[in-house]
Amino acid sequence: MDKTPSVAENQHPFWPQDLSIPNYVANDRSMVEILTFLFSVSGMLLVGTWALTGREVAGGRLTAARRLVLCWFTVCGFIHGVIEGWFSLYYPIIPSDQSFLSQLWKEYSKGDSRYVIADNFTVCMETVTAMLWGPLSVWTVLAFLYNRPNRFVLQLIVSLGQLYGAVLYFYTEHRDGYAHSQLGHPLYFWFYFVFMNTLWIVIPLLLIWDSWCQLSAAQSASDAAVAGGKTKEE
């Protein structure tokens, strides 16, 4: 734990500006350094997954679209399991902690201060996300690589969970009047709060539709096979 003295409760970059955050310690790492880490690791995972899925797997060669989906789930596994997992474990000390991931959360909290005050909703949502959607995202990647019959079921479950969490995330803040961010700020509001979280609405919606189509086609084929077997027996 860093021994840097905490600043006065109201001397912080979060909204509302009169928010009381006892023991808050300002980051000693820059925004650029924190964002570079986040996007560099995510980029390496994307490139690595893209290269891995370019090889022939158990079900043959994957299409480019399917490879992109697996890249998405790989990054989700990292963000849900590691970054959000850190928050779910250490949320009580994040305001005063100077560990790198705690500083990442303090930087993100400039766009949503619910994280730096350990709001009940964010703690519960992120804990569920870290415990369920992180491991299940990794399982989904493996299921596609090994052509498991449950692969689209996993895709559907994870995507539904992500969508539900993102909708509640936005809706609860909407009901609070967007009080936990500097409304309209190009970086903190539009990029941190809106853009980065909208990804977990748009992409899961597309994957839910994809799962719907794949599972419906599989059920139709199964029904047709059963009907064909009954016809032969007659």
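For the structure, check the block above.
The structure displayed is predicted, hence computed values, not measured ones.

Peer 1: So what exactly am I meant to see when it comes to the overall build of the chain here?
Peer 2: Helices and strands together make up the secondary structure of the chain, namely six helices and zero strands. Starting at the N terminus, the α and β elements of the chain follow one another as α-α-α-α-α-α. Within the chain, buried positions represent 42% of all 234 residues. For the chain, the proportion of contacts with a sequence separation of at least 24, taken over those separated by at least 6, is 67%.

Peer 1: Explain the packing of helix α4 (residues 120-145) against helix α5 (residues 151-175) here, please?
Peer 2: Axis angle and axis distance: for two packed helices, these are the angle between their axes and the distance between the axes, and together they describe the pair. Where α4 meets α5, the closest approach of the two axes is 9 Å, and the angle between their N-to-C directions is 155°. Comparing the axis directions of α4 and α5 gives the class roughly antiparallel. The two elements α4 and α5 cross, and the hand of that crossing is left-handed. Counted together, Phe-121, Met-125, Trp-133, Leu-136, Ser-137, Trp-139, Thr-140, Ala-143 and Phe-144 of α4 and Arg-151, Phe-152, Leu-154, Gln-155, Ile-157, Val-158, Gly-161, Gln-162, Gly-165, Leu-168, Tyr-169 and Thr-172 of α5 form the full contact between these two elements. Grouping the constituent residues of the contact of α4 with α5 by class yields 13 nonpolar, seven polar and one charged.

Peer 1: What is the right way to read the nonpolar core from this model?
Peer 2: One recurring pattern in soluble globular proteins is that nonpolar side chains are buried together. Grouped together as the largest cluster of nonpolar side chains are 46 residues, with contacts concentrated most on Phe-73, Ile-83, Trp-105, Tyr-115 and Tyr-169. If you list the elements that add at least two residues to this core, you get α1 (31-53), α2 (64-90), α3 (100-108), α4, α5 and α6 (188-233). Among the nonpolar cores identified, the runner-up in size contains five residues, and Phe-14, Leu-19, Tyr-24 and Val-116 belong to it.

Peer 1: It is not clear to me how the side chain of Gln-103 should be interpreted in this structure. Could you clarify?
Peer 2: Mapped onto the elements, Gln-103 comes out in helix α3. For Gln-103, the contacting residues outside a window of four places in its chain are Asn-27, Asp-28, Arg-29, Ile-34, Asp-97 and Gln-98.

Peer 1: Can you walk me through the pattern of salt bridges in this structure?
Peer 2: Side-chain pairs of opposite charge can arise whenever the charged atoms involved come near each other. By the definition in use, this model includes five salt bridges. For Lys-110, the salt bridge goes to Glu-107, with nearest N and O atoms at 2.9 Å. Using a relative accessible area of 18% as the deciding quantity, one classes Lys-110 as buried. For Arg-114, the salt bridge goes to Asp-112, with nearest N and O atoms at 2.9 Å. For the pair shown, Arg-114 and Asp-112 are each scored as buried. Through salt bridges that share partners, Asp-112, Arg-114 and Glu-173 make up one connected network.

Peer 1: Hey, could you run me through the environment of Asp-119 in this one?
Peer 2: Along the chain, Asp-119 falls in the loop between α3 and α4. On a C-alpha basis, the gap between Asp-119 and Ile-157 in space is 26 Å, while along the polypeptide they are 38 residues apart.

Peer 1: I keep staring at the packing of aromatic side chains and nothing clicks. Help me out?
Peer 2: Describing an aromatic ring pair means giving the distance of the ring centres and the angle of the ring planes. What the rule picks out here adds up to 24 aromatic pairs. Summarising the aromatic geometry, the rings of Phe-87 and Trp-105 are spaced 5.1 Å apart at their centres and angled 45° between planes, so their arrangement reads as tilted. Of this pair, Phe-87 sits in helix α2 while Trp-105 sits in helix α3, and the two are 18 residues apart along the sequence. Each ring, one from Phe-170 and one from Phe-193, has its centre 5.3 Å from the other, and the planes form 80°; the classification is edge-to-face. Taken together, the residues Phe-170 in helix α5 and Phe-193 in helix α6 connect sequence positions 23 residues apart. Assigned by exposure class, Phe-170 and Phe-193 land together as buried. It is Arg-67 that lies over the ring of Trp-50; its NZ or CZ is 3.7 Å from the centre. The lysine or arginine in question, Arg-114, covers the ring of Tyr-169, its NZ or CZ lying 4.8 Å from the ring centre.

Calculation rules
Residues numbered from 1 in each chain as written. Predicted model: local features only at pLDDT ≥ 70, side-chain atom pairs only at ≥ 80, totals over all residues. Heavy atoms only, no water. Helix = DSSP H or I, 4+ residues; strand = E, 2+ residues; numbered from the N terminus. Buried < 20%, exposed > 50% of the residue type's maximum accessible area, 1.4 Å probe, protein only. Contact = heavy atoms within 4.5 Å. Axes fitted to C-alpha atoms, helices over the stretch in contact; angles between N-to-C directions. Parallel < 35°, antiparallel > 145°, perpendicular 65-115°, else oblique. Left-handed = near helix turned anticlockwise from the far one by under 90°. Nonpolar A, V, L, I, M, F, W, Y, C, P; charged D, E, K, R; others polar. Core = buried A, V, L, I, M, F, W, Y, C linked by side-chain atoms within 4.5 Å. Salt bridge = Lys/Arg side-chain N within 4 Å of Asp/Glu carboxyl O. Phe/Tyr/Trp six-rings, centres within 6.5 Å; stacked < 30°, edge-to-face > 60°. Lys NZ or Arg CZ within 6 Å of the ring centre and 35° of its normal.

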